[in-house]
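# Coordinate analysis (summary)
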Amino acid sequence: MEITGGRYEQECPVIFGAGSVGKLADVVKGFGCLKPFVVYDAGVKAAGAAERVMRILQENGCIPVGYDDVKPDPVDTDVTEAGEKARKEDVDCVIGMGGGSSMDTAKMVSVMLDNPGPISDYFLSTGKVPSHVPCILVPTSSGTGSEITRVAVVSEAGTHAKGGVFASGNIAVLDPELTLTCPLGVTANSGFDAFSHALESYTSGANDPMSDVLALKAIELIAANLKQACDDGSDVERRTKLMQASNFAGIAFSNTGVHFGHAFGHQLGGHFGVGHGLACSYTLGEVARFGAEHDPQRGRDIAEAMRLCVSENATGREIGDLLADEIYRIMRYCGIPSMKEKNFGREECIGLAEEAIATNPFYYNTPVPVSVEKFKELIAKMWDNYQ
Ligand SMILES: [Fe+2]
């Protein structure tokens, strides 16, 4: 790996390890709080994780208030409603449990508890970096890295355009045991989201030395454990490695940003109403191929992390082909249906290019510019090469 320069930081401290959720009441009390607003969704409730956490808090002297109405990919009015409920309950901190939607809703509720008005008053477009009450994040799947990012993503009611609010957690509690009940589809889609964070970070135009190390380690852990976790979700060691990968990839892309993979993933997800992880999975092979063609050494690093054999004289193009083939193999193994099987029309997908560029400013975060024509070619390859 070539050493790069650049600014890097980690937004949110982490308590990591199987059983760490048992320390949650101490974490709450460490902020001088006792009455957390615990934000989760129906899936977390059904898996029994919410009940377990509420019990841990109650048995250790806290007075938790549960909120189980988090919507997938929430719009700002959903978040404002959750924030109003929290204000009425007179809580003193927030715990977000679940995937990206629950954690991001929790972050935004923590902003509303420290500021007046609806959450739309604090959109990124206002330029505000709002204060917030203590916010504790507890992921129950391994993918989004939302526990570590500094922006909470929310769509605007009406337009459904993706926007966000500057909001971070104060601490994250990462307990892989909470992911043991993750169904196969969630395990696979979340894993591919983390994979896309790591790959786009490592192939971005804004590398830094810490993010490079974390992104490569995440790639290694995902390549070595995702298929196996899809086979046997009860393997706590695999789950631990995937949670580590998701967190490392989150820290990496939080510093470097993502690029055309997520730009297309966002557009595809919004247009066809599919989840973020699945939408981003379709971009992985071509992001890796693009990265290796542009920078063969980085492609070689990725191949090494994935334990692939690369001949000494291999060109960037050959390394890219190797990476893409292996990624598509992993996707097939994990049961990811092709875009064709999902009835996403090829031309319709290509037609999303302009809007993806217009609405995702990070599209330009590639080491060399990618023209709209080139982007359309890449989307066509994403569609054609994974059948
Ligand atoms: Fe993502």
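Residues numbered from 1 in each chain as written. Predicted model: local features only at pLDDT ≥ 70, side-chain atom pairs only at ≥ 80, totals over all residues.

This part covers helix α4 (residues 76–89). The terminal C-alpha atoms of α4, which comprises 14 residues, lie 20 Å apart, in line with the 20 Å expected from a rise of 1.5 Å per residue. All buried positions along α4 are accounted for by D76, D78, V79, T80, A82, G83 and A86. (Helix = DSSP H or I, 4+ residues; strand = E, 2+ residues; numbered from the N terminus. Expected span 1.5 Å × (residues − 1). Buried ≥ 20, exposed ≤ 12 C-beta atoms within 10 Å, placed from the backbone.)

As a further point, take unusual backbone geometry. For residues other than glycine, phi is negative in most cases, and the peptide bonds are mostly trans. Not every positive phi belongs to a glycine, and D73 is a case in point at roughly 45°. Even without being glycine, R307 reaches a positive phi, approximately 60°. Residue placement: R307 occurs in the loop between α12 (296–305) and α13 (316–333).

Assigned domains of the protein chain: these are domain 1 (20–174) and domain 2 (184–385). The C-alpha-based centres of domain 1 and domain 2 are spaced at 27 Å. At the junction of the two partners, domain 1 supplies 15 residues and domain 2 supplies 21 residues. When its residues are assigned to classes, the side of domain 1 that touches domain 2 shows 3 nonpolar, 9 polar and 3 charged. (Domains from an automatic or database assignment. Contact = placed C-beta atoms within 7 Å. Nonpolar A, V, L, I, M, F, W, Y, C, P; charged D, E, K, R; others polar.)

Counting residues in hydrophobic clusters, the biggest one holds 113 residues, and the most contacted among them are V39, V94, V109 and A218. At 10 residues, the largest contribution of residues to this core is made by helix α7 (residues 209–231). If you count residues domain by domain, this core takes at least three from each of domain 1 (20–174) and domain 2 (184–385). In this view, V39 contacts Y67, V70, A82, V94, I95, G96, M97, S102, T105, A106 and V109; residues no more than four positions away in its chain are not counted. (Core = buried A, V, L, I, M, F, W, Y, C linked by C-beta atoms within 7 Å.)

With that settled, consider the environment of P134. Among the secondary structure elements, P134 is positioned in the loop between α5 (100–112) and β5 (135–139). In this structure, the C-alpha to C-alpha distance between P134 and D212, residues 78 residues apart in sequence, is 30 Å. In contact with P134, not counting residues within four places along its chain, are F31, C33, C93 and N170.

Orientation of helix α11 (residues 284–294) relative to α13, taken along the N-to-C sense of each, is 160°, at an axis distance of 8 Å. Put simply, α11 runs roughly antiparallel to α13. Every pair of crossing elements has a handedness; the one defined by α11 and α13 is right-handed. Residue-level contacts link L284, G285, E286, A288, R289, A292 and E293 of α11 to G316, R317, I319, G320, D321, L323, A324, I327 and Y328 of α13. Tallied by class, residues from the contact of α11 with α13 come to 8 nonpolar, 3 polar and 5 charged. (Axes fitted to C-alpha atoms, helices over the stretch in contact; angles between N-to-C directions. Parallel < 35°, antiparallel > 145°, perpendicular 65-115°, else oblique. Left-handed = near helix turned anticlockwise from the far one by under 90°.)

Summarising burial for α11: 9 of the 11 residues are buried, a large majority. Inspection of α11 places L284, G285, E286, V287, A288, R289, F290, G291 and A292 among the buried residues, and these make up the whole buried set. Against α6 (184–202), α9 (260–272), α10 (276–281), α12, α13 and α16 (372–385) lie the buried residues of α11.

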